[in-house]
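One letter stands for each residue in the lines below.
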Amino acid sequence: MFVYDLGGGAALGPLEPWHAEQFLAAVDGDRTHIKQLAFAYHVRTVDESRTFLQRFADAHASDARHLAGLWHGDRLIGIVGFPEFSVAMRRCEIGVWICADFEGRGLIKRAAWHALDWAFRERGMARVQWTNLLDNERSRAVAKRLGFTLEGVLRKNFVPVPGGPSHDAEVWSITADDWRALNHV
């Protein structure tokens, strides 16, 4: 089991199906803030929460997706995950979320740094992608701070609300070479 200390009483650590109640509490407490994340519409009960986390656990077992929790003590305050993870292609996508009352503390940057370092150093990824909606300035700022390069805009690429409108999304990337250069590895 891994745990990375992020400072200020926060840590990046395991998020498993048996954390379904904590995950649901975090989603419920931040639902309006995370309305652009699809799981905000599909996780409304403990059973739905457990099912969501079990899907990640099953995908983790087959090395296809990975998910970790951002914890402040016993409270789940966000996630860092790889919703797409291909060892064969040596590429993945990272996604993050932190509860609104914990924004602005640098926790997402530090947690994402650990996740990226794992992806590049331990898993041999050649490229990691970061995607955010055009109006998500906080997400864009974290991508920049981590050293990602803006590749472009995917027009009408993201539908956060089932049956809702499509939104444009920015696509960022960082390569293993970029990571080594930035982190003097």
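Before reading on, note that the structure itself is shown above.
Presented here is a report on the structure given in the accompanying data block. (Residues numbered from 1 in each chain as written. Predicted model: local features only at pLDDT ≥ 70, side-chain atom pairs only at ≥ 80, totals over all residues. Heavy atoms only, no water.)

### Some thoughts on the overall build of the protein
When its secondary structure is counted, the protein shows six helices and eight strands. Of the regular secondary structure in the protein, the N- to C-terminal order runs β-β-α-α-α-β-β-β-α-β-α-β-β-α. A compact globule built from 185 residues would reach a C-alpha radius of gyration of about 16 Å, and the protein, at 16 Å, matches this within 12%. In terms of principal-axis extent, the alpha carbons of the protein reach across some 45 × 40 × 35 Å. Across the 185 residues in the protein, those meeting the buried criterion constitute 41%. (Helix = DSSP H or I, 4+ residues; strand = E, 2+ residues; numbered from the N terminus. Rg over C-alpha atoms; globule rule 2.2 N^0.38 Å. Buried < 20%, exposed > 50% of the residue type's maximum accessible area, 1.4 Å probe, protein only.)

### Some remarks on the layout of surface pockets
If you add up the space inside the largest pocket, you get close to 1,400 Å³. Along the wall of the largest pocket there are 49 residues; nearest its centre are Q36, L37, G95, V96 and T131. Of the residues in the lining of the largest pocket, the class split is 24 nonpolar, 13 polar and twelve charged. (1 Å grid on protein atoms, 1.4 Å probe; cavity = no way out; pocket = protein on both sides within 12 Å on 5 of 7 lines; lining within 4 Å. Points joined across faces, edges and corners; volume = space filled by probe spheres on them. Nonpolar A, V, L, I, M, F, W, Y, C, P; charged D, E, K, R; others polar.)

### Thoughts on the sheet that holds strand β8 (residues 167-175)
Paired through their backbone hydrogen bonds, the strands of a sheet run either parallel or antiparallel. With respect to topology, eight strands assemble into an open sheet ordered β1-β2-β3-β4-β5-β6-β8-β7, the strand pairing being mixed. Each edge of the sheet is formed by a strand with only one pairing partner; in this case those strands are β1 (4-7) and β7 (149-158). Direction aside, neighbouring strands of the sheet carry axes that sit 25° apart on average. Bridge count between strand β2 (residues 10-14) and strand β3 (residues 66-72): five bridges; the pairing is antiparallel. What sits directly across from A11, in β3, is W71. Here helix α4 (residues 107-122) sits on the sheet in contact with β1, β2, β3, β4 (75-86), β5 (91-98), β6 (127-133) and β8, set at roughly 30° to β4. (Pairing = 2+ DSSP bridges. Axes fitted to C-alpha atoms, helices over the stretch in contact; angles between N-to-C directions. Contact = heavy atoms within 4.5 Å.)

### Topic: the packing of aromatic side chains
Within the structure shown, the criterion is met by twelve aromatic pairs. Here F23 and F39 contribute two aromatic rings whose centre-to-centre distance is 5.6 Å and whose plane-to-plane angle is 40°, an arrangement assigned as tilted. On the criterion of sequence distance, the pair formed by F23 in helix α1 (residues 20-30) and F39 in helix α2 (residues 39-42) is long-range, its members being 16 residues apart. The class of F23 is buried, set by a relative accessible area of 0%. Connected via pairs of aromatic rings, a cluster forms that spans F23, F39, F52, F56 and W97. (Phe/Tyr/Trp six-rings, centres within 6.5 Å; stacked < 30°, edge-to-face > 60°.)

### Concerning the pattern of salt bridges
The tally for this structure, following the rule as stated, stands at nine salt bridges. Here R50 makes a salt bridge to D47, at a shortest N to O gap of 3.2 Å. Of this pair, R50 and D47 both sit in helix α3 (residues 46-61), three residues apart, roughly one helical turn. (Salt bridge = Lys/Arg side-chain N within 4 Å of Asp/Glu carboxyl O.)

### What to know about the packing of α1 against α3
Interhelical geometry of α1 versus α3 gives an angle of 105° and a closest axis separation of 8 Å. Judged on the interaxial angle alone, α3 and α1 are roughly perpendicular. Contacts from A20, E21, F23 and L24 of α1 reach α3 at V46, S49, R50, F52 and L53. Here the contact of α1 with α3 is composed, by residue class, of six nonpolar, one polar and two charged. (Parallel < 35°, antiparallel > 145°, perpendicular 65-115°, else oblique.)

### Examining unusual backbone geometry
Most peptide bonds take the trans form, and the phi angle of most residues other than glycine is negative. Even without a glycine there, the phi angle at R90 is positive, about 60°. With respect to the helices, strands and loops of the structure, R90 is situated in the loop between β4 and β5.

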